[in-house]
Amino acid sequence: MFGRRGVELVKELDQSLDSIPPFNEELITEILEEMQRLYNENRIDVNTRPDDHETYLSIKVRHAVLKRDKRCILAYLYNRLRRIRQMRWEFGSILPPEITVSLSKPEVQWFDSYSKCLATYMKSIGDNHGLNLTSDLAPPKSLFIEVKCIADYGKFEFGDGESVQLKKNTYHLLPRSECEQLVRQDGCVLLSPRSLTVNCKRHCERKDQETKRESLSACRSL
Amino acid sequence: MSLCSSYKPNYFSIDDILATEERLSCKVLQKVPRLGFMDHSSESKDLKPGTKLELSFWLAYSMNKSKDPIASIDIPKYYKESYREILNADACAIELSKWNTYFYEFGLHVAKFDHPDCEKLPELLLKTFKSRFRLVMDWAQNQDTNPMIASQLPMLERTIFLSGRKSKEQLVYWFKIGGGGIKTTELIANHKKRKRSTFIENER
């Protein structure tokens, strides 16, 4: 039946809203073939029987199917690109291999050039220092956050060269800017802002006590 | 044939494409040469007048809407007088998605036809939506609601229900914990989940 395949294509996208289904090249080729066939039939009809009223009707029907097929294919491609763009912001500039296999070659190219575009833009803003737009999507409230590792990550290196061992079920107080990507992308770290404030307080109290003790011992030595 | 057809909400909308795929029963009025295969039951080469077909809205619309229509259409029974009475009596008692998943969207499309029942259709849709909206909102606000209820709602209400539920969850999270947190993004969380399940399957 006319145009059935186009909807199949769109349905495929509709059924997997939070991921990207493998690029269905086979179906697209089939639709393109159907479109080519319809176009040829219309062309032949127009050339051979230009004044026939009935022929005009079949041309009209075929044209409607052509338009529909076109819409389905374009919608499929466009909505896929939107998802790929979304992924750039969430996965970062390198996509996991499970996703790359679902993309077509032009889509991979598009992703790369979008990545490049975004990187160039981010480099150009922020007073010559560049600004990473993909971090701090929500305004940060504190410089440090407490995180819990939920997987063995191994050595995690900070921008300043220091590093920390991230083992499963350990807690760390880390600079927010360093580990935001870790939380957002690897899913291996969890945080609880409430325990953070409590722990910060405790941390400060301990610091206070330490300074007190230090000053006391300093007094004694005098 | 209307050459300038506008697409709502936009040309690339998946929902709109699926809504316009819903079927209508049509009757062919004029002979259409070399398209006989559209009617599976006949083997003739041409599509003959009087043939009854189940066509998708987009095709039915372009065959019907012109000075010289190729086919006449009949609107689905749930937009007709008898069903209107059911809706007027108590719209909340009906599982609308059983009638049509795209009840509202498709209804608006159907209203474009010249059919005696189509004139009152937009009004009916609005009234139905108004009377059901409170119910949907209650469901979204109430945390004890079974989330499976979403699958029983037509698409428009389902979207409202799901986003209402999500914002309620966010509000509760904010009350409890406050803002400024970082979460694993949904896309990635789902990706991980799927990966884990395929991993488990492979293990077996």
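Further up the page is the structure itself.
Residues numbered from 1 in each chain as written. Chains lettered and ligands numbered in written order. Predicted model: local features only at pLDDT ≥ 70, side-chain atom pairs only at ≥ 80, totals over all residues. Heavy atoms only, no water.

1. Examining the overall build of chain B
Line of reasoning, step 1. What chain B contains, in helices and strands, is eight helices and three strands.
Line of reasoning, step 2. Counting across all 204 residues of chain B, residues that qualify as buried make up 41%.
Line of reasoning, step 3. Counted over contacts in chain B with a minimum sequence separation of 6, partners at least 24 positions apart contribute 63%.
Line of reasoning, step 4. Accessible area of chain B: about 11800 Å², with a carbon and sulfur share of 55%. (Helix = DSSP H or I, 4+ residues; strand = E, 2+ residues; numbered from the N terminus. Buried < 20%, exposed > 50% of the residue type's maximum accessible area, 1.4 Å probe, protein only. Contact = heavy atoms within 4.5 Å. Areas by Shrake-Rupley, 256 points an atom, 1.4 Å probe, with all protein chains shown as cover.)

2. Regarding the interface of chain A and chain B
Line of reasoning, step 1. Contacts between chain A and chain B engage 54 residues on the former and 50 residues on the latter.
Line of reasoning, step 2. Summed over both partners, the interface of chain A with chain B buries about 4700 Å², with 63% contributed by carbon and sulfur atoms.
Line of reasoning, step 3. Here chain A is connected to chain B by four salt bridges.
Line of reasoning, step 4. For Arg-71 of chain A, the salt bridge identified is with Asp-16 of chain B, shortest N-O distance 2.8 Å.
Line of reasoning, step 5. For the interface between chain A and chain B, the tally reads 12 residue pairs in polar contact (both at pLDDT 80 or more).
Line of reasoning, step 6. Of all the secondary-structure elements, those providing two or more residues to the side of chain A that touches chain B are helix H1 (4-15), helix H3 (53-91), helix H4 (97-100), helix H6 (176-186) and helix H7 (193-221) of chain A.
Line of reasoning, step 7. Looking at which element gives the most residues to the side of chain A that touches chain B, the answer is H3 of chain A, with 25 residues.
Line of reasoning, step 8. Its residues assigned to classes, the side of chain A that touches chain B shows 22 nonpolar, 10 polar and 22 charged. (Buried area = accessible area lost by both parts, 1.4 Å probe. Salt bridge = Lys/Arg side-chain N within 4 Å of Asp/Glu carboxyl O. Polar contact = N/O pair within 3.5 Å; in protein donor to acceptor, adjacent residues only side chain to side chain. Nonpolar A, V, L, I, M, F, W, Y, C, P; charged D, E, K, R; others polar.)

3. Focus on the packing of aromatic side chains
Line of reasoning, step 1. Evaluation of the coordinates by the stated rule reveals 20 aromatic pairs over all chains.
Line of reasoning, step 2. When the ring of Phe-156 of chain A is compared with that of Phe-158 of chain A, the centres are 5.7 Å apart and the planes differ by 85°; the resulting orientation is edge-to-face. Per residue, the accessibility class of Phe-156 of chain A equals that of Phe-158 of chain A, and both read buried.
Line of reasoning, step 3. Among the aromatic residues, ring-to-ring pairing joins Phe-57, Tyr-61, Tyr-78, Tyr-79, Tyr-83, Trp-99, Phe-103, Tyr-104, Phe-106, Phe-113, Phe-129 and Phe-133 of chain B into one connected group.
Line of reasoning, step 4. Between Lys-112 of chain B and the ring centre of Tyr-61 of chain B, over which it is positioned, the NZ or CZ distance is 5.2 Å. (Phe/Tyr/Trp six-rings, centres within 6.5 Å; stacked < 30°, edge-to-face > 60°. Lys NZ or Arg CZ within 6 Å of the ring centre and 35° of its normal.)

4. Describing the side chain of Asp-117 of chain B
Line of reasoning, step 1. The residue Asp-117 of chain B is located in the loop between helix H5 (103-110) and helix H6 (121-141) in this model.
Line of reasoning, step 2. The contacts of Asp-117 of chain B, once residues within four sequence positions are left out, are Ile-75, Tyr-79, Lys-80, Glu-81 and Arg-84 of chain B.

5. So, the pattern of salt bridges
Residue and element names in this part refer to chain B.
Line of reasoning, step 1. Counted by the stated rule, this structure contains 16 salt bridges over all chains.
Line of reasoning, step 2. A salt bridge links Asp-117 to Arg-84; the shortest N-O distance between them is 3.9 Å. Remark: Arg-84 occurs in helix H3 (residues 81-89) and Asp-117 occurs in the loop between H5 and H6; sequence separation between them is 33 residues. We note that Asp-117, like Arg-84, is buried.

6. Side note on a nonpolar patch on the surface
Line of reasoning, step 1. A surface patch of nonpolar side chains, amounting to about 310 Å² of accessible area, comprises Leu-143, Phe-144 and Leu-173 of chain A.
Line of reasoning, step 2. Judged by its relative accessible area of 38%, Leu-173 of chain A falls in the partly exposed class. (Patch = residues over 30% accessible without salt bridge, like charges linked within 9 Å, V, L, I, M, F, W, Y side chains within 5 Å.)

7. Regarding the sheet that holds strand E1 (residues 23-28) of chain B
All names here are of chain B.
Line of reasoning, step 1. Strand order in the open sheet formed by three strands is E2-E1-E3, with antiparallel pairing between adjacent strands. The sheet is open, and its two borders are formed by strand E2 (52-56) and strand E3 (71-74), each paired with just one other strand. Across the sheet, the mean angle from the axis of one strand to that of its neighbour is 40°, orientation sign disregarded.
Line of reasoning, step 2. Running at roughly 115° to E2, helix H2 (residues 57-64) makes contact with E1, E2 and E3 of the sheet. (Pairing = 2+ DSSP bridges. Axes fitted to C-alpha atoms, helices over the stretch in contact; angles between N-to-C directions.)

8. A closer look at unusual backbone geometry
Line of reasoning, step 1. Of note in this structure, Asp-127 of chain A is not a glycine but carries a positive phi near 50°.
Line of reasoning, step 2. The residue Asp-127 of chain A is located in the loop between helix H5 (105-124) and strand E1 (144-149) in this model.
Line of reasoning, step 3. The backbone of Arg-34 of chain B shows a phi angle near 60°, a positive value even though the residue is not glycine.
Line of reasoning, step 4. Along the chain, the position of Arg-34 of chain B falls in the loop between E1 and E2.
Line of reasoning, step 5. Given the relative accessible area of 27%, Arg-34 of chain B is considered partly exposed.

9. Some points on the packing of helix H2 (residues 25-48) of chain A against H3 of chain A
Relative orientation and spacing of two packed helices are given, respectively, by the angle between their axes and the distance between those axes.
All names here are of chain A.
Line of reasoning, step 1. Between H2 and H3, the least distance of the axes is 10 Å, while the angle of their chain directions is 155°. In terms of axis orientation, H2 runs roughly antiparallel to H3. Remark: the crossing between H2 and H3 carries left-handed chirality. Of the residues in H3, those touching H2 at Ile-28, Ile-31, Leu-32, Glu-34, Met-35, Leu-38, Tyr-39, Glu-41, Asn-42, Asp-45 and Val-46 are Thr-55, Ser-58, Ile-59, Arg-62, His-63, Val-65, Leu-66, Asp-69, Lys-70, Ile-73, Tyr-76 and Leu-77. (Parallel < 35°, antiparallel > 145°, perpendicular 65-115°, else oblique. Left-handed = near helix turned anticlockwise from the far one by under 90°.)

10. Remarks on the nonpolar core
Line of reasoning, step 1. Within the largest apolar cluster, 60 residues are counted, with the highest numbers of intra-cluster contacts made by Met-38, Leu-59, Tyr-79, Phe-103 and Val-110 of chain B.
Line of reasoning, step 2. Broken down by element, this core gets its largest block of residues, nine residues, from H3 of chain A.
Line of reasoning, step 3. In this view, Val-110 of chain B contacts Leu-24, Phe-57, Ile-75, Pro-76, Tyr-79, Cys-118 and Leu-121 of chain B; residues no more than four positions away in its chain are not counted.
Line of reasoning, step 4. Core analysis: the second largest hydrophobic core is formed by 11 residues, Val-147, Cys-149, Val-164 and Leu-182 of chain A among them. (Core = buried A, V, L, I, M, F, W, Y, C linked by side-chain atoms within 4.5 Å.)

11. Section: helix H7 (residues 155-177) of chain B
All names here are of chain B.
Line of reasoning, step 1. Over its 23 residues, H7 runs 33 Å from end to end, which matches the ideal 33 Å to within 8%, given 1.5 Å per residue.
Line of reasoning, step 2. Burial in H7 covers these residues: Met-155, Glu-157, Arg-158, Phe-161, Gly-164 and Arg-165.
Line of reasoning, step 3. The inward-facing, buried residues of H7 abut helix H1 (14-19), helix H4 (96-99), H5 and H6.
Line of reasoning, step 4. Gly-178 occupies a position one or two residues after H7 and carries a positive phi of about 95°. (Expected span 1.5 Å × (residues − 1).)

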